[in-house]
Amino acid sequence: MVGHLILRLTIWFLLTSDLSPVNIIIGVIIALLLPRGYPSRETLKDWLDILGKIIVAIPQAYIEAIEIIFRPHKYEDLILERVQATRSPRLIFLDIFLITFTPKTIVFKYRQDGWYEVHRIRPTRAVNDE
């Protein structure tokens, strides 16, 4: 319960970029009124793993943004990334958010067969590109 409230409030604050008392009250009310999903299958290990990825993604996003500014990336491609087999919808959402958070990649499509289609940019042409 508390974990879901914190997650919903975090998303609310990221969307609104406002930590005023009124916005906090509105966020808490919305977080409490949103319907609950199905019982979660996530374990504490899954949440700690995603927290570690978030901590790594923040500086990585800044580094990639600086790279793009000083060395433009002219080449792009689509790659497939495998979704972990035991991922719940909440963790899939966070995976997609993390991939899209970094400037060089964005999830183009989530496929029901267990793959993310990821669009990425690169500074150099890949070996197998023609």
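In this text the structure is predicted, and so the values were computed from the model without any measurement.

## Overview of the pattern of salt bridges
Here is step 1 of the chain: One pass over the full model with this rule turns up 7 salt bridges.
Here is step 2 of the chain: D49 is the salt-bridge partner of K53, the closest N and O atoms lying 3.8 Å from each other. Of this pair, K53 and D49 both sit in helix α3 (residues 44-70), 4 residues apart, which is roughly one turn of the helix.
Here is step 3 of the chain: On the basis of relative accessibility, which here comes to 30%, the residue D49 falls in the partly exposed class.
Here is step 4 of the chain: A cluster of three or more residues bridged by salt bridges with shared partners is formed by D77, R120 and R122.

## Concerning the UniProt feature "transmembrane region" (unreviewed entry) in the protein chain
Here is step 1 of the chain: When the UniProt feature table is mapped onto this chain numbering, "transmembrane region" (unreviewed entry) sits at residues 12-34.
Here is step 2 of the chain: What you have in residues 12-34 is 78% helix and 0% strand, and the ends, taken at the C-alpha atoms, are 12 Å apart.

## A closer look at the packing of helix α1 (residues 2-16) against helix α4 (residues 89-101)
Here is step 1 of the chain: Their axes nearest at 13 Å, the elements α1 and α4 cross at an angle of 30 degrees. Considering the angle they form, α1 stands roughly parallel to α4. Of the two possible hands of crossing, α1 and α4 adopt the one that is left-handed. Between α1, through H4, L7, I11 and L14, and α4, the contact on the second element is made entirely by R90, F93, L94 and F97.
Here is step 2 of the chain: Residues belonging to the contact of α1 with α4 are distributed by class as follows: 6 nonpolar, 1 polar and 1 charged.

## Here's the deal with unusual backbone geometry
Here is step 1 of the chain: A positive phi angle, close to 55 degrees, is found at S17, a residue other than glycine.
Here is step 2 of the chain: Residue placement: S17 occurs in the loop between α1 and α2 (21-33).

## A look at α4
Here is step 1 of the chain: A rise of 1.5 Å per residue sets the reference length of α4, with its 13 residues, at 18 Å; its end C-alpha atoms lie 18 Å apart and thus fit the reference within 8%.
Here is step 2 of the chain: Regarding α4, the residues found buried are L91, I92, L94, D95, L98 and I99. Down the axis of α4, the sector holding all buried residues measures 160 degrees, keeping them to one side.
Here is step 3 of the chain: Where α4 is buried, its residues meet α1, α3, β1 (75-82), β2 (105-111) and β3 (115-122).

Thresholds applied
- Residues numbered from 1 in each chain as written.
- Predicted model: local features only at pLDDT ≥ 70, side-chain atom pairs only at ≥ 80, totals over all residues.
- Heavy atoms only, no water.
- Salt bridge = Lys/Arg side-chain N within 4 Å of Asp/Glu carboxyl O.
- Helix = DSSP H or I, 4+ residues; strand = E, 2+ residues; numbered from the N terminus.
- Buried < 20%, exposed > 50% of the residue type's maximum accessible area, 1.4 Å probe, protein only.
- UniProt positions renumbered as here; feature names shortened; annotations may be inferred.
- Axes fitted to C-alpha atoms, helices over the stretch in contact; angles between N-to-C directions.
- Parallel < 35°, antiparallel > 145°, perpendicular 65-115°, else oblique.
- Left-handed = near helix turned anticlockwise from the far one by under 90°.
- Contact = heavy atoms within 4.5 Å.
- Nonpolar A, V, L, I, M, F, W, Y, C, P; charged D, E, K, R; others polar.
- Expected span 1.5 Å × (residues − 1).
- Arc of directions from axis to C-beta.

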